[in-house]
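# Coordinate inspection notes
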Amino acid sequence: MITVVTPTLNAAHVLERNLSAMANQQADFEHIVQDGGSTDGSTDLVARYASRYDVRLYQERDSGMYEGVLRGMAQARGDILAWLGADDLYMPWTLSTVEHVFARYPEVDWIIGLPALGYRNNRIVKVVPLAPVYLRSFIRRGWYRPGLLGFLQQESMYWRRRLWERAQPD
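Throughout this description, residue numbers start from 1 for each chain and increase along the sequence as written. Residue-level local features of this predicted model are given only where pLDDT is at least 70; pairs of side-chain atoms are given and counted only at 80 or more, and the full residue set underlies all totals for whole chains, interfaces and linings. With hydrogens and water set aside, each side-chain value is computed from the structure's full complement of heavy atoms.

Bringing the pairing of strand 8 (residues 157-160) into the picture now. Buried residues are those whose accessible area, probed at 1.4 Å on protein chains only, stays under 20% of the maximum for their type, while exposed residues exceed 50% and partly exposed ones sit between those limits. A helix here means a DSSP run of H or I that spans at least four residues, while a strand means a run of E at least two residues long, and both kinds are numbered starting from the N terminus. Side chains M157 and W159 project from strand 8 onto one buried face, and the interleaved Y158 and R160 project onto a second face that is buried too. Any two strands with at least two DSSP-identified bridges between them are counted as paired. When strand 4 (residues 80-83) meets strand 8, the two strands line up antiparallel, connected through 2 bridges. Residue pairing for strand 8: I80 is matched across the bridge by R160. For strand 5 (residues 110-112) and strand 8, the ladder comprises 3 bridges, and the chain directions are antiparallel. Bridge pairing links W110 to W159 in strand 8.

Below is the structure:
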């Protein structure tokens, strides 16, 4: 199973696009929406989609997006994990492709796709034409951050639970 965590706070204006795209996925997955205390109707949106697919809402004030991701991951049941921003979306074939890749290559712990550059009228405007390259030694050194090599983009990154567990502090 794939678990996708979406941290959110007062993002109803973009969250419905996210939820709608998730409802169209054809894979074994759960979607955890970790809400930091929205007052804009975000929680009502999640409740509406709960009858269409496995989406669960956890609402608790937090210190921001990263704490929301950690709290959502603590609720995850899947063996494959991902984090999707409230303003991001997956193409209809995304999770079935991810499911297929991880099933075919059990030795692979982490994959990444091509990031999108923006949306217009609920459609992706452009996709980066070349796959990003992230060197393990650079990741270990913490070089993927603003001011150095940029960041590890999360909207098309997926990893196995065993990798997540290895990365957690004791």
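Along an α-helix, residues three or four positions apart point the same way, because every turn accommodates 3.6 residues. Within the span of helix 3 (residues 65-75), buried status applies to G68, V69, G72 and M73. The buried residues of helix 3 all sit within an arc of 130 degrees when viewed along its axis, so they share a single face. On the buried face of helix 3, the contacting elements are strand 1 (2-8), strand 2 (29-35), strand 4, strand 8 and helix 6 (161-167). The directions from the helix axis to the C-beta atoms are what the arc is built from. Contacts were defined at the residue level, with two residues in contact if any of their heavy atoms lie within 4.5 Å.

Between helix 1 (residues 12-23) and helix 2 (residues 42-49), the least distance of the axes is 9 Å, while the angle of their chain directions is 15 degrees. With respect to their mutual orientation, helix 1 and helix 2 come out roughly parallel. Between helix 1 and helix 2 the crossing geometry is right-handed. Contacts between helix 1 and helix 2 involve A12, L15, E16, L19, S20 and A23 from the first element and S42, L45, V46, R48 and Y49 from the second. Residues are grouped as follows: nonpolar covers Ala, Val, Leu, Ile, Met, Phe, Trp, Tyr, Cys and Pro; charged covers Asp, Glu, Lys and Arg; every other residue, Gly included, is treated as polar. Residue classes in the contact of helix 1 with helix 2 are distributed as 7 nonpolar, 2 polar and 2 charged. Interaxial angle, 0 to 180 degrees, is taken between N-to-C directions of lines fitted to C-alpha atoms, where a helix line uses only the stretch in contact. Here the angle decides the label: under 35 degrees means roughly parallel, over 145 means roughly antiparallel, 65 to 115 means roughly perpendicular, and every other value means oblique. Crossings are sorted by hand: turned counterclockwise from the far helix by less than a right angle, the near helix makes the crossing left-handed, and turned clockwise it makes it right-handed.

Let's shift gears to the pairing of strand 3 (residues 55-59). Relative to strand 3, strand 2 runs parallel, the two sharing 5 bridges. Each residue of the ladder has a partner; that of I32, found in strand 3, is R56. In this region the chain leaves strand 2, passes through helix 2 and returns to the parallel neighbour strand 3; the handedness of that crossover is right-handed. A crossover gets the label right-handed when its path from the first strand over the helix to the second runs clockwise, viewed with the strands pointing away from the viewer.

Here a pair means two rings of Phe, Tyr or Trp (six-membered ring of Trp) with centres within 6.5 Å. Their orientation is stacked below 30 degrees between planes, edge-to-face above 60, and tilted elsewhere. Overall, the coordinates contain 6 aromatic pairs when judged by the stated rule. Only when the NZ of Lys or the CZ of Arg is both within 6 Å of the ring centre and within 35 degrees of the ring normal is a charge said to sit over the ring. The ring of W143 has R141 lying over it, and the distance from NZ or CZ to the ring centre is 4.9 Å.

The next thing to look at is the pattern of salt bridges. Salt bridge criterion: a side-chain nitrogen from Lys or Arg within 4 Å of a carboxyl oxygen from Asp or Glu. Scanning the model with the defined rule gives 10 salt bridges in all. Between R48 and E16 there is a salt bridge, and its shortest N-O distance comes to 2.6 Å. Note that R48 is positioned in helix 2 and E16 in helix 1, a separation of 32 residues in sequence. Ionic pairing is found between D109 and R162, a salt bridge with its closest N-O pair at 2.5 Å. Taken together, the residues D109 in the loop between helix 4 (94-104) and strand 5 and R162 in helix 6 connect sequence positions 53 residues apart.

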